Structures are given as C-alpha cells and as structure tokens.
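Breakdown of the fold
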Amino acid sequence: MLMNWRPRGFRGRCAREASRVEARKVKVVFGLWIGLSGVGFLPGQATAADRCDQTKPNDPECVIVTGKVSVPENILPSAAAVNGPFGLDGNVLDIPRSLTPVTQKLMQEANVHNMRDLLKVVPDTYAPTDFGAASLPEIRGQLGDIFEDGVRRQGGNNGFGLPLSFNGVAQINVVKGPPPVIFGTTERVGGFIDLIPKVPDLDKAQGYSELSDGSWDRFRGQFDYSMPIEPGRSAVRLSYEQRNEGSFYRFAHYHSQDFYGAYRLVPDARSQLDISAELFHVNFTDIAGINRPTQALIDHGIYITGQGVQPNGSTIPGPFAVISPTGTVQISRSNVLTYPGDVDHDTTYLAHVKYQRTLAPGIRLVDRLYYQHLSRKEISQDSFVEIIKGASSLENRTELIFDYDLRLFGIAIRNQSDTGIDYRYNQVLGYSQFDTEADLPVDLTGPVSNRFIPLTAAQKAQLVQLKPGLYVSPGAGYGGQYMVSDTTDSASHQLGFFIQQKVDLSQHWSVLAAFRGDTYFVTARDPVPPPGYAAARDSITRFLPAGNASLDYKPTEALALYAAWNYSQSTSNSIGGGTALGADGKIDPTNFSTENLLYEVGVKYGPPGGSWYADASMFEQKRALRNRDGSNSTILARGIEAQLSYQPSKRVFAALSGSYLDARYDNSIAFQDTAQVADAFDCSRPDIICGTGIGAPNFTEFLASSKRLQGLPRYQVSGVAGYETTFGLGATLALRYTSSFPLDYLETVVVPNQYTLDTSVYYRYRPTGTELRVDVFNVTDQKNWAPVFDGGYFGATDAFPELPVNVMVTLRQRI
C-alpha cells in the first residue's frame, strides 16, 4: 500500500521545489496553534508567499476578503452560505443535517423580529411563549440553543424570559438536532440557531434607516450604516435599534435599545479579522397569560370567577387553595397575569473577535474569541424573584483546517481535517425565589390586589433577606429548614478538544466522523447563607464525550442524500447558565450526565443556479428534559420535516414547510404545577364545574409513562409568498397552521386546530431606495392560544392568548 499526503494546491514541479520550505512551515503551524488558543488572533503581514488566486472559487490559499451588506435578494437555502457547524465553505446540500438558512431578505419579507417568528419560515419550530418573551428557540418540541457565528451565547434559565435583538443579525441558520462537536455540547439539544452577524462593506458606504408605528403605540426605529475606512482593506459598520412599545396586554410594555458595531480588516490576501461588539438593554413585562384554562376558556373565552382560599382560610394565593366558583364571565383576552409595578430590567453586552488566515497551502486557521456579560433584575408582585448580579462567559476556540489528498493504491482521496481546542469560562452570581408563586387561586376579574402575594412570617423564616423587604432562597436547604430555588455563586472551566474528519470516498460518496471530549471543573457556593450557618459549597470534575458521524451520497450536483448520527453528554444548568447546589448543599452529578442520541436521514435537492430548493428528513431523538426541581426526564421524539422554496426572479418568491412530530415521555416521570385545572375548584357549583377540591397549586409528580408530551401540536404547516410588480408595488401573504394538542399532561383540556394569516402591501421606489410598507397580522382575528412554558409544566395553570388583528406601518429609506 502506498500512501502520500499532499496538500491541495501543490502540483508538479512547484510542489517539489517548495517541499522543504513548506515542511518547515507545517512545523511552525502547530506551535502557532497552541499559542493562539490563549491569544485570539495573529498579525498578518503581506509577503510574496501570501499571494493567492482570487479568481479561483474556493482557492484553499485564500480567505474571503469581501463583506457586502446589501440585502440579499435570494431566499433559496441552496444559495445561502453556511459556514461553521460542520466546517468552513459549507453549502446546504453538503451539510448532513436538516437546516434552514433564514436570509436577510426572508427576515424582512416574513417579519422575523423575535424567536417565535421563526415558526413562520422554519418547519418544526412551534414554541410556547415563555411568559411572553422567548429567549431560546423551540425546535422539534424541545428547547434549542443560540450561537453567534459559531460560538454559544448565554441564555436564560431554561428559556425563561431573556429576549434578544436581531439588530446586529444578517442571517439566521436554523439547524435541527444537537450541535456538532465543533460547536460543543449544550443542555438544549432540539436544535440551534446560529446568528450570523452583520459585517461592513469594504467597497462603498451604504446603509438604511427605518421607522415603524403599530397598534397599541408600538414604535420601532433602526439605523444601519457601513463605510470603508481604507477601501478594499478595512471598514466599519454601526447599527442602532430602539423599541418603545405599549401592549395589547394590561400593565405590559417592551422598551429596548440595542447598539451594534463591527469592524473588518483584510491586511492581505490570506488574512481576515472581524471584530464586533453589542450592547442590549431591555425593560419589559413578564406575561403569564390567563389562568384557569378550562375547555370553556379555550373554546369560548369563558372564565370561572372566585378567589381561591388556602387551607388556613387566607385569600392570598398559595398552595392547595380551593376556589368556590361565584360565576362565569366572558374575559377580555388582554386581562392577563401581569402586575403593576413589576420590575424586569436586563442588560447584555458582548464582544466577538474572529481571525482567519491561510498559514500554508491547504492549511487554514480560524480563531474565535467571545465574551458576554449578562445582568438581570426581576422582582414580581406575585413573589417571584430572579436577580442575576452578573453572568459572564469567556470562550476561545482555535481550529486548524487541513485540506489534502491522500493517495491510496494510486487513487487520490480528498480529505478535510478540522481539529481544535476550546476553552470556556462561565461565572454566575444570582439569587432567585420561585417557591411561593401561585397562579390558579387568582381571580383575574377581581381587584388587582387579588394578584399580590405578600410573604407570610413563616415563609420569610424559610428564606433569606437580601435587602430590606426583599427575600430570596438561600443556595442550599440546610437540613430542610429553608426553601431552595436557583440561588448560586458558581464558576466553571470547560476545556475541550475535538477532531472532525471528512473523506470523499468517491465523486458521489463521502463520510464524516467527529469526536470531542470536554472536561468540566465546577465550583458552587451559597452567596447568602442563613444567619448562623457557614455557606454551603461544593465542587465537581467531570469528563463529557460527544460524537457525530454521517454518510453522504450525491448522485448529481443537485441531489444529496444523507444518514446522520449524534451522541452527546451535556450539562443541566440553572440561573444564568450557572450551577446550583441541591437542597443537601451538593452539586448533583446527574447534572453532568444528560444523554442525547439522534438518528436522522434526509434528502435535499437544489439545482445550481436554479429557481427552487426542496428537502425532507426523518429523525428519532432521545434527550433529557430538565424539570423545574432540577431533575431530568427522558423524552423520545420522532418526526418528519419537509420544506420547499421557489424563486424564479427577485420579484417573486414562495416558501412552504411542514412537519409531523410525535414527542413522548420515554418511560419517565413528569411534573406539573397542578395535576389538572379541576383540582383548583370544589363542587359547590356543579352547573359551572365540579372540581376535585384538592386545591392548587399542588405540585404533582406523575409516575413514569410513555404519554404524549403536552403542549405540542403533531402537525405544523407554514408558508409565505410574495410578488412585486415592475414598478415597485408588492404584497406578501403568510399562513401558519397547527393541529390540536393537549394543554395538560392528563389531556383534560385540548387546544383545537389553529391558523394565523398575515399579509402586507408595500411600495418600493428603487431610484431613491424608499419603501413604505403596511403589515396586517392575524387578518382574520383568530382567537388562538399557546402554552406559556417549555415542557408543559404550567399546562393546567395558564394559557397564553395570542394577539388579535393588528397593524404595523413601516417607512424604510436607503442611505
């Protein structure tokens, strides 16, 4: 057997003459790689050896040296660049996973402004509202994670209410299933979105400004401008967004400001440096929806009145309160569980440095350095408290990508190796208290004071006073005398090594295999121990493996078939991504052994330069669901997904997607705030409801079963289409449909089939770049409902009324 390693790009006499020089370069590469893992980037100096042939597409000696910012006119997934998840220079057809790139064009036409808007254009992304402010995507019936240009962003506690802005985003890549080993494992494995940031234009100055005004005094403004500093070599881009929005819902608002800046430097033909920074501040209202979700409420808007009474006779909402119905009313859908005077302020700032360089022919380096800091203050009148004094994350990932031919029996086999080192540090100081919430006893039709939950002396004795009048849980139970939530002062160091190998076995067949190992060093302590107690503390060290593999068959340039496998062990985190102690003052080892297993097969078709794209996939995935008490349940999900995109010209486009999902508990326990809504009522008015009288909330644990996961429709269909005349007048139409689903575990309440129809009309005057647009959402004014939280925990407690028909008018001007 004769084996000969030969970098692509070396051919004939030039390769032989340069062999000794390049051998010395390769030795230097590994030294540079180790040094870069702690530095972030290298200076690039243009020399004769740095020249590359930029006329050749995908020349391995070149890096991308342009940064156009004009809004892409193409919505086809096959036309979008996808770099990162499975290596560089990616195309949808070459990626062995279900994937939807949401281009800037599609974001604009389909009005994708927040996480839940993704269900308009991406199959299998139906999501609960997460108390009106979803901060994480929901993919394949489970939480997904967020990456920014290939690096994981810090999210909230299990998806609870930390919104983000798309102000600095140029494209959103939605990938189904767990992140591949290059990105690293996460606890949220339904899928992930990779936010591709805006970059400056190296060639010319351009930008736009946008103003919007909508129903309920919703005002939005955005300014985006890019200009070269040294044309062709360096440029800068700035973007600012402000939202001052009232709300359809009582006592609710959303006020935010986002500042984004980006800098690009191309010092030579082989190097590229991108630096970006963002500051996001939001002041918003947490919305829990409408409580007491009986079938009559879902079908007809009929609400049962009467304030709950605790076993001790108190009418303050609390555990095991029982309601004696006093009547029924047609409740306003705007009358939701909100509280005047609630506080929820969040601030996030982050910085991202990405350096790329061709070190030698066939050898490329990519280094990413990422920092994020999050702070939060939420104090609610229903006694809920979540304060994140600081959640800081620092990550540096360095990759070396080798492109080479391996000769086997005289046959050249193309290879690409991607190997790297990843270090991540996370530190969280946070305080929480969620043990005294009680939604079901509250009568929303009564005075607002019905909603307040002042703490009793007995409850205060089980908590710790953080400051006068503010009580939180300590970070441990101290013999069961104290309530335990997510309070923690924790730090983790994560060190990972990975390698991914792709081999083109022939012109049509290729195989990919990857492995990663991460070692976690975690410490946690109680930042507010009760008086007289020494602060509980613990530490743990764990090694977590992960791997993925795929087999690809591409009979033609336009058609690809694949089979994929992914296995990972990941962590289960708490407030701000930190690690909390248990009631016993110890770190639970099971938080570091949440296993996830995926099998997926799919087919993709996209003719090069064609006008349409289609794909379909089937999958089976086992994953862990983090329960509210910190334990994990296993979920088994099986499904089918498909999407079709068509764009014969820049003036006509259409996208259609559909999915089937069967998600079940895999012989696993389940939890709910209350077993069923009838538990909150007695049977004193059987003409209204004959309840069980158990009282609510009653914190029910269901025995292990294979029941269907509540809060998820089996079928979803979405579509969007647009047409623009030659003189600039255009319109779009978007439709979303979901099949019926049980709201609670026992399936006592069912949300019926639902649909939403949105439309827009616009006029674009291209000579000046002026556009006036009118969007009408929920045109037919459907009375739709959604779950409020992932995993169905509040399925028998609350339901979220979707917005009625509403209008947004937008004026956009090119600069």
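The structure reproduced in this document is the subject of the present report. Note on numbering: residues in each chain are counted from 1, in written sequence order. Where totals are concerned, whole chains, interfaces and linings use all residues; where local detail is concerned, this predicted model gives features only for residues with pLDDT of at least 70, and gives and counts side-chain atom pairs only at 80 or more. In computing side-chain values, all of the structure's heavy atoms are included and hydrogens and water are not.

1. Quick word on the overall build of the protein chain
Of the regular secondary structure elements, the protein chain holds four helices and 41 strands. Remark: exposure states derive from per-residue accessible area (1.4 Å probe, protein chains only) relative to the maximum for the residue type, with buried under 20%, exposed over 50%, and partly exposed in between. For the protein chain, buried positions account for 60% of its 815 residues. Throughout, a contact is declared for two residues whenever any of their heavy atoms are within 4.5 Å. Residue pairs in contact within the protein chain that sit at least 24 positions apart in sequence constitute 70% of those at least 6 positions apart. Here the accessible surface of atoms and residues is derived via Shrake-Rupley with a 1.4 Å probe, and residues count as covered only by protein chains that are part of the display. On the protein chain, roughly 30600 Å² of surface is accessible, and the fraction owed to carbon and sulfur atoms is 59%. The secondary structure listing takes helices from DSSP runs of H or I that are at least 4 residues long and strands from runs of E that are at least 2 residues long, numbered from the N terminus.

2. A word on the state of the cysteines
Working definition: a disulfide is two cysteine sulfur atoms within 2.5 Å of each other. Evaluated as defined, the whole model comprises one disulfide. Across the disulfide from Cys683 sits Cys690; the S-S distance is 1.8 Å. Its S-S torsion of approximately -110° makes the covalent link between Cys683 and Cys690 left-handed.

3. With respect to the sheet that holds strand 14 (residues 290-291)
Pairing within the open sheet is antiparallel, and its three strands lie in the order 14-40-39. Looking at the sheet topology across the chains shown, the edges are occupied by strand 14 and strand 39 (785-786). Strands qualify as paired when DSSP identifies two bridges or more between them.

4. Considerations on unusual backbone geometry
Residue Pro697 follows Ala696 across a cis peptide bond; omega there is 0°. In this fold, Pro697 is placed in the loop between strand 31 (668-672) and strand 32 (700-705). With phi around 50°, Asp130 is a residue other than glycine that occupies positive phi space. For Asp130, the location among the structural elements is in the loop between helix 2 (104-109) and strand 3 (138-139). Judged by its relative accessible area of 1%, Asp130 falls in the buried class.

5. Thoughts on the side chain of Arg424
For Arg424, the location among the structural elements is in strand 20 (residues 411-433). Within 3.5 Å is the distance limit for a polar contact, defined as a pair of N or O atoms, with the added protein rule that one can donate a hydrogen and the other accept it, and that residues adjacent in sequence qualify only through two side-chain atoms. Polar contacts involving the side chain of Arg424 include one to the side chain of Glu395, which spans 2.7 Å. Setting aside anything within four residues of it in sequence, one finds Arg424 in contact with Arg152, Gln154, Ser393, Leu394, Glu395, Ser492, His493 and Gln494.

6. A short note on the side chain of Thr100
In this fold, Thr100 is placed in strand 2 (residues 99-102). Within the structure, Thr100 has its side chain in polar contact with the side chain of Gln643 (distance 2.9 Å). Those residues in contact with Thr100 that sit more than four places away from it in its chain are Val121, Val122, Pro123, Ile172, Asn173, Val174 and Gln643.

7. Thoughts on the environment of Ala734
With respect to the helices, strands and loops of the structure, Ala734 is situated in strand 34 (residues 729-738). What Ala734 contacts, discounting residues up to four positions off in sequence, is Gly719, Val720, Thr756, Leu757 and Asp758.

8. Regarding the environment of Leu143
Along the chain, the position of Leu143 falls in strand 4 (residues 142-143). Distance from Leu143 to Glu187, taken between C-alpha atoms, is 8.8 Å for residues 44 residues apart in sequence.

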